[in-house]
Amino acid sequence: MTLHIPEPVVLAYHGTSSDAADRIEAEGFKASQNVYDWLGDGIYFFQDAPLRAGDWAHERYGTGGVVIGAEIHLTDCMDLLDLGWYDVLSDAHDDYLTLLRKSNRSRPIQSEGVHALDRAVINYAVGVLGEADIRIACIRAAFREGRQVYRDSALYDRTHIQIAVRDPSACIRRIWREN
């Protein structure tokens with residue numbers, strides 16, 4: 001008898017503009033490759049948080065902000081909510097910095113709004129894993145953001161789980177417009 005472990009599925013939400021949502025529905029998603037994309041290249045979603053995605057969209061696009069919902073299958077996921085990937089990332093970080101030093105390039109700057117080092121290390125790790133025939137279709141991590149909910153709290157009002165989908169054909173099964 002073979003034990004079948006089902007692929008984890010989550011609902012996730014992508015904040016965008018109304019025009020971009022029209023293009024997504026017609027043509028599919030386009031991966032982001034911005035320097036501030038802390039989980040590397042990919043299509044970014046807020047897991048289980050349609051209000052957070054809506055807040056993000058409205059901050060950027062005003063009344064033209066909308067939310068696209070998606071069913072995400074966490075296929076070949078670098079899941080940073082579990083412990084198994086942190087040694088991989090730590091080693092990738094060390095190897096990446098060694099590579100930068102050897103090629104006389106500077107280390108990417110990490111700041112509150114721009115996570116260039118995290119982005120570079122994750123992209124580097126995904127590339128190295130790919131060369132070893134280990135496919136990474138998506139990356140998931142928790143992100144502490146915002147203000148403390150109350151004094152001395154460990155809770156922050158914008159904390160969320162984010163998913164960066166690198167391979168939409170493997171991970172995104174269906175989409176819908178939330179608003």
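The structure this text deals with has already been given above.
Residues numbered from 1 in each chain as written. Predicted model: local features only at pLDDT ≥ 70, side-chain atom pairs only at ≥ 80, totals over all residues. Heavy atoms only, no water.

1. Considering the pairing of strand β2 (residues 43–47)
We apply this condition: Categorising residues by exposure relies on relative accessible area from a 1.4 Å probe, with only protein chains included: less than 20% of the type maximum marks a residue as buried, more than 50% marks it as exposed, and the intermediate range marks it as partly exposed. Starting at the N terminus, helices and strands are each numbered in turn, a helix being any DSSP run of H or I of at least four residues and a strand any DSSP run of E of at least two. The pairing criterion for strands is at least two bridges between them, as found by DSSP.
Burial within β2 is extensive, with 5 of its 5 residues counted as buried. Residue alternation in β2 divides its side chains into two sets, I43, F45 and Q47 and Y44 and F46, and both sets are buried. In this sheet, β2 lies alongside strand β1 (residues 9–17) in antiparallel orientation, the contact comprising 2 bridges. Bridge pairing in β2 places A12 opposite Q47. Strand direction decides the pairing type here: β2 and strand β6 (residues 160–165), joined by 4 bridges, are antiparallel. From the neighbouring strand, F45 faces β6, where its bridge partner is I163.

2. Notes on the nonpolar core
One broad rule of soluble globular proteins: the nonpolar side chains tend to lie buried together. Threshold: Residue types Ala, Val, Leu, Ile, Met, Phe, Trp, Tyr and Cys, when buried and joined through side-chain atoms within 4.5 Å, form a set referred to as a nonpolar core. In what follows, a contact means two residues having at least one pair of non-hydrogen atoms within 4.5 Å.
If you look at the biggest cluster of nonpolar residues, it comprises 23 residues, and the most contacted ones within it are L39, M78, L80, L89, I136 and I139. Among the secondary structure elements, those contributing two or more residues to this core are α3 (86–102), α4 (116–131) and β5 (138–143). Contacts of L80, omitting those with residues within four sequence positions, involve L39, W85, Y86, L89, I139, R140 and A141. Within the second largest apolar cluster, 20 residues are counted, among which are F45, L74, C77 and V165.

3. Considerations on the pattern of salt bridges
Applicable threshold: Here, a salt bridge means any side-chain nitrogen of Lys or Arg that lies within 4 Å of a carboxyl oxygen of Asp or Glu.
Throughout the structure, instances matching the rule amount to 12 salt bridges. Between R135 and D76 there is a salt bridge; the shortest N-O distance is 2.7 Å. You can see R135 sitting in the loop between α4 and β5 and its partner D76 sitting in the loop between β3 (65–73) and β4 (77–79), a full 59 residues away along the chain. Its relative accessible area of 41% is what places R135 among the partly exposed residues. One connected set of salt bridges, linked through shared partners, spans R52, D55, E145 and R158.

Shape descriptors only; they carry no functional weight alone.
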